[in-house]
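# Structural description and commentary
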Amino acid sequence: MKKDHLRHALSSKRFITVLTIFIVVAPSIPMSYADRVIDVHTVANVNEKSLIAAISNLQNYPQIFPDYVKYVKMLDNKTNLVYMNAGINGIYFDTEATYQQTPDGKYLVQVVSGDLKGTTMTTELNKTWSFDGRPNMGTNVNISLDLKTSGFLSWMLDFVPDNSLSGALQGGFSKFVDYAQKD
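Here the structure is a predicted model, which is why all the values come from computation and not from measurement.

## Details of the layout of surface pockets
Taken as a whole, the largest pocket spans an internal volume of roughly 1500 Å³. Along the wall of the largest pocket there are 44 residues; nearest its centre are Tyr-68, Ala-86, Leu-116, Leu-145 and Leu-169. Counting residues per element, the ones that place at least two in the lining of the largest pocket are α2 (48-56), β3 (81-88), β4 (91-101), β5 (107-111), β6 (120-128), β7 (138-147), α4 (151-157) and α5 (162-182). Per-element tally for the lining of the largest pocket: the top contributor is α5, with 9 residues. Considered class by class, the residues forming the lining of the largest pocket number 31 nonpolar, 12 polar and 1 charged.

Pasting the structure below:
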């Protein structure tokens, strides 16, 4: 009986110690981490006009990315505000974003709500030679992703190295190229 009481007391003491450490440490973990900027430079074997059409038609994103984008709904045509449900590996997030073409010809997507609020992706496209040597039938592409996260997503992405994020960004862009080549 004394042995059971001692074992119970030790078990309770361990639980209280772990709980105390969690209560002290958890609030000190920041809910938002520093910006992560991922840059991708590539050449696409598709003309710039077709690529722009694929990138700028957000309504087609569920078709282009069927495993990652459940739906996109246009909320405001004037401000190009969209509502999107997207994610990976069964974890999906609702978010709102705006998109626009800047005066210098770049394409800017800016997340305005959700765990990715403040994230921006800037894409610059320039005509070049296609892979078979035709002028202006290929596109030089520069993408800069300024990733800002908060909440659960920031904790998850903290364990993902930059080269994995870069690979995912390149893989996503290749889906745009595939879609543009079909048209």
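Once the structure has been displayed, the description carries forward.
## As for the pairing of β3
Counting buried positions along β3 gives 6 out of 8 residues, so the element sits mostly inside the fold. Hairpin remark: strand β2 (residues 69-76) followed by β3, antiparallel, with 4 residues in the connecting loop; positive phi at Asn-80, about 55 degrees. Of the pairings in the sheet, the one linking β3 to β4 comprises 8 bridges and is antiparallel in character. Note on β4: the bridge partner recorded for Val-82 is Ala-97. Hairpin geometry of β3 and β4 is characterised by an intervening segment of 2 residues between the two adjacent antiparallel strands and by a positive phi of about 55 degrees at Asn-89.

## Some details on the sheet that holds β3
Paired through backbone hydrogen bonds, the strands of a sheet run either parallel or antiparallel to each other. Taken together, the 7 strands give an open sheet; going across it, the order is β1-β7-β6-β5-β4-β3-β2, and neighbouring strands pair in antiparallel fashion. On the outer flanks of this sheet lie β1 (36-44) and β2, each paired with one strand and no other. Neighbour to neighbour, the strand axes of the sheet diverge by 20 degrees on average, direction disregarded. Of the strand pairs in this sheet, β1 and β7 are connected by 9 bridges, and their pairing is antiparallel. Bridge assignment links Val-37 to a residue of β7, and that residue is Asp-146. This element, α2, spans β1, β4, β5, β6 and β7 of the sheet and lies at about 160 degrees to β6. Sitting on the sheet, α5 touches β1, β6 and β7, and the angle it makes with β1 is about 40 degrees.

## Section: the packing of aromatic side chains
Summed over the entire model, instances satisfying the criterion amount to 4 aromatic pairs. An aromatic cluster of three or more residues is present, and its members are Tyr-61, Phe-65 and Phe-176. If you follow Lys-70 out to its NZ or CZ, it ends over the ring of Tyr-92, 4.3 Å from the centre.

## A few points about the environment of Arg-36
For Arg-36, the location among the structural elements is in strand β1. In sequence terms Arg-36 and Asp-146 are 110 residues apart; their C-alpha atoms lie 5.8 Å from each other. Polar side-chain contacts of Arg-36 include one of 2.6 Å to the side chain of Asp-162.

What counts, and at which threshold
Residues numbered from 1 in each chain as written. Predicted model: local features only at pLDDT ≥ 70, side-chain atom pairs only at ≥ 80, totals over all residues. Heavy atoms only, no water. 1 Å grid on protein atoms, 1.4 Å probe; cavity = no way out; pocket = protein on both sides within 12 Å on 5 of 7 lines; lining within 4 Å. Points joined across faces, edges and corners; volume = space filled by probe spheres on them. Helix = DSSP H or I, 4+ residues; strand = E, 2+ residues; numbered from the N terminus. Nonpolar A, V, L, I, M, F, W, Y, C, P; charged D, E, K, R; others polar. Buried < 20%, exposed > 50% of the residue type's maximum accessible area, 1.4 Å probe, protein only. Pairing = 2+ DSSP bridges. Axes fitted to C-alpha atoms, helices over the stretch in contact; angles between N-to-C directions. Contact = heavy atoms within 4.5 Å. Phe/Tyr/Trp six-rings, centres within 6.5 Å; stacked < 30°, edge-to-face > 60°. Lys NZ or Arg CZ within 6 Å of the ring centre and 35° of its normal. Polar contact = N/O pair within 3.5 Å; in protein donor to acceptor, adjacent residues only side chain to side chain.

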